[in-house]
Amino acid sequence: VTITTRLLVSHLSGIRHYEKDIAKVKEEKEKANRALKLTKSHQDKEQKEKEGKGIEKTDCVKQKKEHDGETKSRNSKPGRKDREFEQEEYYLKEKFESVIESLKIFKNDPLFFKPGDQFLYSTYGFTLLSAVVERASGQKFTDYMLKMFRDLDMMSTVLDDNEAMIYNRARCYVYNKKGRLVNAPYVDNSYKWAGGGFLSSVGDLLKFGNALLYSYQAGQFKNRNGKLLPGYLKPGTVAMMWTPVPKTEVSWDRDGKYAMAWAVVEKNQQYGCCRQQRHYASHTGGAVGASSVLLILPEELDPDALGTWPAAPPRGVIVTIICNMQSVSLNSTALKIAREFDKEKRAQ
């Protein structure tokens, strides 16, 4: 088979995640598909009701409650044991000197499906991606990333290295089997830097989000007599990263699809004065003892007015949340916050 970097970055490679048992993975995917069908069935019933085809309201309410129950069961919450973190490989303590060395964890394991056929979120797919970066750049992946963080002015973003003295490093927490808050266990993240091995701050993640949003919008503004600097990435590159990829799915946002290392929701409104779906990109993060989210809601720009606008990009709302507690679902909270700030900006 052939595995491309595009397949890796969209989780279509077939490389396993932490679960080694393919039967369990298929069972979880079937459950997710059933929940998705339930959602679609509920939406179809609502639409038929609007069209006056005699669907009783009580049936819709019952169906919605059933769907909400399944949705809640899939979302991790504090105090609930998250099955994801039952996987032993989350708690590896071995230190790896390079990302290429860490490939030994999974390189001899079979693919779960033919590359390009199905979506399966895989941290190890990103470990392989970091090895590609290491070989292509001719330097250690961690050195390559730290230079990039410096270029982005993310001076508080560092490796989650247990030995290093890191100023203001937060202690992480988990809930034990009795539902009590305890210190997170010791782990070494050197086996998965690209998939969850960096420490950061909300300030740095906001800089990261602004740099991406600026790059995304810079091409839409007129040059302003050469005063508008180029973005860190080309506008087309970010647009490609934020374009949904077929056959993908997103566990934390049922409106979304996976793109290239981002979950994205496309602009959509089917009926007047009804639900409006704005275009935004987001990604959650989950590690032993910590949870996070970064959500970027671009402002809808008027092409005819771009040349006269007093303000340059980035234009939009960026929300990031980091908490030192495991298994906290944050995407819906971030989206609510973004919408409130966006509503306030529109009112102005």
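I will try to describe carefully the structure that is included in this document. These numbers come from a predicted model, not from an experiment.

**Notes on the overall build of the chain**
In terms of regular secondary structure, the chain is built from 10 helices and 9 strands. For the chain, restricting intrachain contacts to residue pairs at least 6 apart in sequence, the fraction spanning at least 24 positions comes to 65%.

**Describing a nonpolar patch on the surface**
A contiguous nonpolar surface patch, about 260 Å² in accessible area, is contributed by Val1, Ile3 and Leu111. Tracing the sequence through the fold places Leu111 in the loop between helix H4 (99-102) and helix H5 (123-137).

**A look at the pattern of salt bridges**
Tallied over the entire structure, the rule returns 15 salt bridges. Connected through salt bridges with shared partners, the residues Arg16, Lys20, Glu89 and Asp109 form a single ionic network.

**Let's talk about the nonpolar core**
Inside soluble globular proteins, nonpolar side chains tend to come together where they are buried. Judged by nonpolar contacts, the single largest core of 40 residues is most densely connected at Tyr124, Leu212, Trp242, Trp262 and Ile296. Every element with two or more residues in this core is listed here: helix H1 (5-9), H5, helix H6 (141-151), helix H8 (202-218), helix H9 (235-241) and strand E8 (290-298). Contacts of Trp242, omitting those with residues within four sequence positions, involve Leu212, Leu213, Tyr216, Ala259, Trp262, Val264, His279, Ala281, Ile296 and Pro298. Listed in part, the 14 residues of the second largest apolar core include Val328, Leu330, Ala334 and Leu335.

**Quick look at the pairing of strand E9 (residues 316-323)**
Most of E9 sits out of view: 6 of its 8 residues are buried. Examined bridge by bridge, E8 and E9 share 8 bridges and lie antiparallel to one another. Bridged to Val293 within E9 is Ile321.

**Re the packing of aromatic side chains**
Remark: the centre distance and the inter-plane angle together describe each pair of aromatic rings, the angle taken between the planes. This structure, assessed with the given rule, holds 12 aromatic pairs. Relative to Tyr90, the ring of Phe85 has its centre 4.5 Å away and its plane inclined at 35°; by these criteria the two rings are tilted. Each member of the pair, Phe85 as well as Tyr90, carries the same accessibility label: buried.

**Observations regarding the pairing of strand E7 (residues 280-287)**
Both strand E6 (residues 263-265) and E7 contribute to a ladder of 3 bridges, which runs antiparallel. Paired with Val265 across the bridge in E7 is Tyr280. Pairing analysis gives 7 bridges linking E7 to E8, with the strands arranged antiparallel. Directly across from Ala281, in E8, lies its bridge partner Ile296. Connecting the antiparallel pair E7 and E8 is a turn made up of 2 residues, with Gly289 showing a positive phi of about 90°.

Each value, and the rule that gives it
Residues numbered from 1 in each chain as written. Predicted model: local features only at pLDDT ≥ 70, side-chain atom pairs only at ≥ 80, totals over all residues. Heavy atoms only, no water. Helix = DSSP H or I, 4+ residues; strand = E, 2+ residues; numbered from the N terminus. Contact = heavy atoms within 4.5 Å. Patch = residues over 30% accessible without salt bridge, like charges linked within 9 Å, V, L, I, M, F, W, Y side chains within 5 Å. Areas by Shrake-Rupley, 256 points an atom, 1.4 Å probe, with all protein chains shown as cover. Salt bridge = Lys/Arg side-chain N within 4 Å of Asp/Glu carboxyl O. Core = buried A, V, L, I, M, F, W, Y, C linked by side-chain atoms within 4.5 Å. Buried < 20%, exposed > 50% of the residue type's maximum accessible area, 1.4 Å probe, protein only. Pairing = 2+ DSSP bridges. Phe/Tyr/Trp six-rings, centres within 6.5 Å; stacked < 30°, edge-to-face > 60°.

Keep in mind that these numbers describe shape and distance, not what the molecule does.
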